[in-house]
Amino acid sequence: MGSKVKLFFPFSLVMLVGLVLPVVVMIIAGFQGMDGGFTFSNYTTIFSQNYYRMAIFNSLWISLIAGIIGLVISILGAWAITQLAERTQNILIILFNLAASFAGIPLAFSLIIVFGNAGIAKALAHTLHIGFLGDFSIYSLQGLILAYTFFEVPLGILFLYAPMKEIKKEWFEAALVL
């Protein structure tokens, strides 16, 4: 019993300091006014001013669109990987594991290098006279959706690959008959 507590204590300490404490501090700060007293004004401001309502709506809209696109690509990608040879599947899963770790600042920086105002894609588009690629901006709504989708697809494929791999061929064939 003592060894389980020794293993659980460091993990619970990390969870407390890294997850629980920031959430508690954020909730407390959300109900504090400028003078430090208790207030609901922060929340009434969010729902009474159009600027904040539009920010919340835009965030939810971008998340919904990127989520749907990412899910469709992930389902198709995971299914396609299961149709390949075992060795190829293993190599692709390793690559998707690497890509899933490529998030945040490195992902944003690489997308800016490729699709930014002075990016590689813009330079190629202008050189090769490809209008739609030259007009694309990573700083636009479509650019945000592309960035979120780039983040979601490797994770989605990793999550969906294992269950899809376990689907028996007979079940798939039976579903096609229906």
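This text follows the structure it describes.
Analysis parameters
- Residues numbered from 1 in each chain as written.
- Predicted model: local features only at pLDDT ≥ 70, side-chain atom pairs only at ≥ 80, totals over all residues.
- Heavy atoms only, no water.
- Helix = DSSP H or I, 4+ residues; strand = E, 2+ residues; numbered from the N terminus.
- Rg over C-alpha atoms; globule rule 2.2 N^0.38 Å.
- Buried < 20%, exposed > 50% of the residue type's maximum accessible area, 1.4 Å probe, protein only.
- Contact = heavy atoms within 4.5 Å.
- Areas by Shrake-Rupley, 256 points an atom, 1.4 Å probe, with all protein chains shown as cover.
- Phe/Tyr/Trp six-rings, centres within 6.5 Å; stacked < 30°, edge-to-face > 60°.
- Axes fitted to C-alpha atoms, helices over the stretch in contact; angles between N-to-C directions.
- Parallel < 35°, antiparallel > 145°, perpendicular 65-115°, else oblique.
- Left-handed = near helix turned anticlockwise from the far one by under 90°.
- Nonpolar A, V, L, I, M, F, W, Y, C, P; charged D, E, K, R; others polar.
- Arc of directions from axis to C-beta.

Asker: Is there a simple way to explain the overall build of the chain in this structure?
Answerer: A tally of regular secondary structure across the chain gives nine helices and zero strands. Starting at the N terminus and walking to the C terminus, you meet the elements of the chain as α-α-α-α-α-α-α-α-α. The C-alpha atoms of the chain give a radius of gyration of 23 Å, which is well past the 16 Å a tight globule of 178 residues would have. Principal-axis analysis of the C-alpha atoms places the extent of the chain at approximately 65 × 60 × 35 Å. For the chain, the residues scored as buried account for 20% of the 178 residues in total. The contacts in the chain between residues at least 6 apart in sequence include a share of 53% that link residues at least 24 apart. Of the roughly 13,300 Å² that the chain leaves accessible, carbon and sulfur atoms contribute 76%.

Asker: Which parts of the structure should I look at to understand the packing of aromatic side chains?
Answerer: Inspection of the entire model under this criterion finds seven aromatic pairs. A centroid spacing of 5.7 Å and a plane angle of 15 degrees characterise the contact between Phe31 and Phe38, whose relative ring orientation is stacked. In this structure Phe31 comes out as partly exposed when scored by relative accessible area, which is 25%. Residues Phe31 and Phe40 carry aromatic rings whose centres are separated by 5.6 Å and whose planes lie at 90 degrees to one another, so their mutual orientation is edge-to-face. Members of the aromatic cluster, each reached through a chain of ring pairs, are Phe31, Phe38, Phe40 and Tyr43.

Asker: Help me understand the packing of helix H3 (residues 50-82) against helix H8 (residues 141-166), please; the structure alone is not making it clear to me.
Answerer: In a packed pair of helices, the relevant descriptors are the angle between the two axes and the axis-to-axis distance. Between H3 and H8, the shortest axis-to-axis distance is 6 Å and the interhelical angle comes to 40 degrees. The angle between the axes of H3 and H8 places the two elements in the oblique class. Every pair of crossing elements has a handedness; the one defined by H3 and H8 is right-handed. Classifying every residue of the contact of H3 with H8 by side-chain character gives 19 nonpolar, seven polar and two charged.

Asker: Sorry, what's going on with unusual backbone geometry here?
Answerer: Negative phi characterises most residues that are not glycine, and trans characterises most peptide bonds. Here the phi dihedral of His129 falls at roughly 60 degrees; this positive angle occurs in a residue that is not glycine. Inspection of the secondary structure puts His129 in the loop between helix H6 (120-128) and helix H7 (131-135). The class for His129 is exposed, based on a relative accessible area of 71%.

Asker: Looking at this structure, how should I read helix H5 (residues 105-115)?
Answerer: Think of an α-helix as 3.6 residues a turn; residues three or four steps apart then line up on the same face. Here H5 has its buried residues at Leu107, Leu111 and Phe115. Down the axis of H5, the buried set is contained in an arc of 40 degrees. They therefore lie on one face. Exposed and oriented more than 90 degrees from the buried face of H5 are Ile105 and Phe109. Contact partners of the buried residues in H5: H6, H7 and H8.

Asker: What is the right way to look at the packing of helix H2 (residues 41-48) against H3 in this model?
Answerer: In the contact formed by H2 and H3, the axes pass within 5 Å of each other and the chain directions differ by 80 degrees. Taken together, the axis directions place H2 and H3 in an arrangement best described as roughly perpendicular. Listed contacts from H3 to Thr45, Ile46, Phe47 and Ser48 of H2 are Asn50, Tyr52, Arg53 and Ile56. Split into classes, the residues belonging to the contact of H2 with H3 amount to four nonpolar, three polar and one charged.

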